[in-house]
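Listed here are the chains, written in short residue letters.
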Amino acid sequence: MLDKLKIVRQRFDEVSDLIIQPDIISDQKRYIQINKEYKDLSNVMKIADEYELLLKNIEEAKEIIADGSDAEMTEMAKMELEEATSRLPKLEEDIKFMLIPKDPEDAKNVMMEIRAGTGGDEASIFAGDLYRMYSKYCADKGWKTSVVDLSEGTSGGFKEIIFSVEGEDVYGDLKFEAGVHRVQRVPQTETQGRVHTSAATVMVLPEAEEFDVELKQSDIRVDYFCSSGPGGQSVNTTYSAVRLTHIPTGLVAQCQDQKSQHKNKDKAMIVLRSRLYELELAKKQEADASKRKSMVSSGDRSAKIRTYNYPQGRVTEHRIGLTLYDLQNIINGDIHKIIEELKLAENTEKLKELGEVF
């Protein structure tokens, strides 16, 4: 472990020097990468310093106990040795997980898309419930959300809603939410009191920087149209809404959230760029998943990942067999435990894959 930390410390010293070099600062892409690596290594160094101090304290305590000339000091050393020894395994475990190579995508902001699936009006209502769940979770994390485009359901909720999330390591948490979410409950429209199953699909697209995806203007068709839905007098009177079509792939992105045509075009461009980027990323994830047989982040959008059962107050995360009887808090945004368990499962998979002996 100490040998590995020595290598990490050497890299941290290199990165600390690189981050202040003028040629790095002037290269935006490189600077962002180096700055992210610096932050990640800083976190490892904090734990590493604590770990090394703990080992030093253990050695000193053992020396005092071996000497045994001062009874009071020996007693204190025994207490310190016991405390330090019990703390050591947890620190070593933390360091192991921190030394797993980071996915560069994890630091990115995201575009999230929630679409109502099977279940008619009830599926739209459920899509609205999921949107509120994510909005509250993001607010709790201190992340900023912004609606890009939406299509409202006939009885509430959304047929589709697209929104951006900005913050620290957003994709690293929200990537686990991609897939099919099922709800089992008595719909508001049901008169017989029967439990129905409905579904909504969640897509999580890492927001692509301009240097991640090359978009030629000649490949994009731009259409302007009148906004629809809530928004005041300007709705349906000005051509502020924008639809972009990427001709080579047929991918479409649109935005009508802003009153400004220019702002809508900028937002739609971010969505289009992210969708193109996600296409390539999905191929990579599928290849990675087939190599390590991962169920946690397989890149399979059609995979049923979670069930929200209202009669039993139960949420089941199918990928890791986790069941929590805390549906009300979870649907109100408290999905922290689920995401942490999924991250732990993925990191455990990666550790096995690395097969490294610490």
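Residues numbered from 1 in each chain as written. Predicted model: local features only at pLDDT ≥ 70, side-chain atom pairs only at ≥ 80, totals over all residues. Heavy atoms only, no water.

1. Some remarks on the overall build of the protein chain
Here is step 1 of the chain: Helix and strand counts for the protein chain come out as nine helices and 11 strands.
Here is step 2 of the chain: Taking all 358 residues of the protein chain together, the buried fraction comes to 41%.
Here is step 3 of the chain: Sequence separation of at least 24 residues holds for 62% of the intrachain contacts in the protein chain that already meet a minimum separation of 6.
Here is step 4 of the chain: For the protein chain, the accessible surface area stands at approximately 19,300 Å², while carbon and sulfur atoms represent 50% of it. (Helix = DSSP H or I, 4+ residues; strand = E, 2+ residues; numbered from the N terminus. Buried < 20%, exposed > 50% of the residue type's maximum accessible area, 1.4 Å probe, protein only. Contact = heavy atoms within 4.5 Å. Areas by Shrake-Rupley, 256 points an atom, 1.4 Å probe, with all protein chains shown as cover.)

2. Brief notes about the pairing of strand β1 (residues 110-116)
Here is step 1 of the chain: When you tally the buried positions in β1, you get five out of seven residues, the bulk of the element.
Here is step 2 of the chain: With six bridges connecting them, β1 and strand β3 (residues 158-166) associate as antiparallel partners. Across the sheet, residue Val110 finds its bridge partner in β3, namely Val165.
Here is step 3 of the chain: As defined by bridge partners, β1 adjoins strand β5 (residues 196-206) across seven bridges and the pair is classed as antiparallel. Residue pairing for β5: Ile114 is matched across the bridge by Val202. (Pairing = 2+ DSSP bridges.)

3. What about the packing of helix α3 (residues 28-67) against helix α4 (residues 71-98)?
Here is step 1 of the chain: One can describe the packing of α3 onto α4 by two numbers: an axis separation of 8 Å at closest approach and a directional angle of 150°. Compared by their axis directions, α3 and α4 come out roughly antiparallel. Classified by chirality, the crossing of α4 by α3 is left-handed. (Axes fitted to C-alpha atoms, helices over the stretch in contact; angles between N-to-C directions. Parallel < 35°, antiparallel > 145°, perpendicular 65-115°, else oblique. Left-handed = near helix turned anticlockwise from the far one by under 90°.)

4. Remarks on the sheet that holds strand β2 (residues 144-152)
Here is step 1 of the chain: Judged by pairing direction, the sheet is mixed, and its eight strands sit side by side in the order β2-β3-β1-β5-β4-β9-β10-β11 without closing on themselves. Strand pairing shows two members of the sheet lacking a second neighbour, β2 and β11 (322-324), which therefore form its edges. Direction aside, the axes of adjacent strands within the sheet are offset by 15° on average.
Here is step 2 of the chain: In this sheet, β11 lies alongside strand β10 (residues 314-317) in antiparallel orientation, the contact comprising three bridges.

5. Points about the nonpolar core
Here is step 1 of the chain: Counting residues in each nonpolar core, the largest one holds 37 residues, and the members touching the most others are Met112, Ile114, Leu130, Tyr134, Val165, Leu174 and Tyr308.
Here is step 2 of the chain: Listed in part, the 23 residues of the second largest apolar core include Ile34, Val44, Ala77 and Ala84. (Core = buried A, V, L, I, M, F, W, Y, C linked by side-chain atoms within 4.5 Å.)

Spatial relationships are all this shows, so hold off on functional conclusions.
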